[in-house]
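Descriptive structure summary
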Amino acid sequence: MVLKHFIDLFGEKGKIRIEGYTRADNMGMRKCFSKAGFVKEGYLRNAWENEDGTVTDSIVYSAIKDDWITGNSTPIKMDEVPF
């Protein structure tokens, strides 16, 4: 099913990037993103407002067209510059 959506978005719709966000404590969703070929790109502190008024960290994942075409993951350059 994910493959069909990637074909639709990257091929027919011409998208170059798909992003997804989830709470940091949602391990099931984090596994789903990973198994679907998404790459973890960032950790966002206090970014998810819950219905009960609490705030939780969130994680951002993405899939990019070039990676999907080649079957490889582009390395994340998060720590390339120390600031």
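Read on for a plain summary of the structure. All of these numbers come straight from a predicted model, not from anything done at the bench.

1. Observations regarding the overall build of the protein chain
Of the regular secondary structure elements, the protein chain holds three helices and three strands. Element order for the protein chain, N to C, with α for helix and β for strand: α-β-α-β-β-α. Across its three principal axes, the protein chain shows a C-alpha extent of roughly 40 × 35 × 20 Å. In the protein chain, buried positions account for 25% of the 83 residues.

2. A closer look at the pairing of strand 2 (residues 39-49)
Direction of pairing for strand 2 relative to strand 3 (residues 55-64): antiparallel, over a ladder of seven bridges. Bridge assignment links tyrosine 43 to a residue of strand 3, and that residue is isoleucine 59. If you look at the hairpin formed by strand 2 and strand 3, you'll find five residues sitting between the two strands, and glycine 53 has a positive phi there, around 95 degrees.

3. Things to note about a nonpolar patch on the surface
Taken together, the side chains of Ile7, Trp68 and Ile69 present a nonpolar region at the surface, about 270 Å² in accessible area. In this fold, tryptophan 68 is placed in helix 3 (residues 65-70).

4. Thoughts on the nonpolar core
Grouped together as the largest cluster of nonpolar side chains are nine residues: Phe6, Phe10, Ile18, Ala24, Phe33, Phe38, Ile59, Tyr61 and Ala63. Contributions of two or more residues to this core are made by helix 1 (2-12) and strand 3. The residues touching alanine 24, leaving out its near neighbours within four places in the chain, are Arg30, Tyr43, Thr56, Asp57, Ser58 and Ile59.

5. Thoughts on the pairing of strand 1 (residues 17-23)
Only one face of strand 1 is covered, namely the one carrying Ile18, Gly20 and Thr22; the face carrying Arg17, Glu19, Tyr21 and Arg23 has none of its residues buried. Judged from the seven bridges that link them, strand 1 and strand 3 form a sheet pairing that is antiparallel. Following the sheet pairing, threonine 22 is matched in strand 3 by isoleucine 59.

6. Observations concerning the pattern of salt bridges
On inspection of all chains with the given rule, the structure shows three salt bridges. Put simply, arginine 17 and glutamate 41 hold a salt bridge, and the shortest N to O gap is 2.5 Å. Within this pair, whereas arginine 17 is found in strand 1, its partner glutamate 41 is found in strand 2, the two being separated by 24 residues in sequence. On the accessibility criterion, glutamate 41 (23% relative accessible area) is partly exposed. Between aspartate 25 and arginine 23 there is a salt bridge; the shortest N-O distance is 2.6 Å. With a relative accessible area of 46%, aspartate 25 lands in the partly exposed category. Judged by relative accessible area, arginine 23 falls into the partly exposed class, the value being 26%. Look at the salt bridges and you will find they share partners, linking Arg17, Glu19 and Glu41 into a network.

What counts as what
Residues numbered from 1 in each chain as written. Predicted model: local features only at pLDDT ≥ 70, side-chain atom pairs only at ≥ 80, totals over all residues. Heavy atoms only, no water. Helix = DSSP H or I, 4+ residues; strand = E, 2+ residues; numbered from the N terminus. Buried < 20%, exposed > 50% of the residue type's maximum accessible area, 1.4 Å probe, protein only. Pairing = 2+ DSSP bridges. Patch = residues over 30% accessible without salt bridge, like charges linked within 9 Å, V, L, I, M, F, W, Y side chains within 5 Å. Areas by Shrake-Rupley, 256 points an atom, 1.4 Å probe, with all protein chains shown as cover. Salt bridge = Lys/Arg side-chain N within 4 Å of Asp/Glu carboxyl O. Core = buried A, V, L, I, M, F, W, Y, C linked by side-chain atoms within 4.5 Å. Contact = heavy atoms within 4.5 Å.

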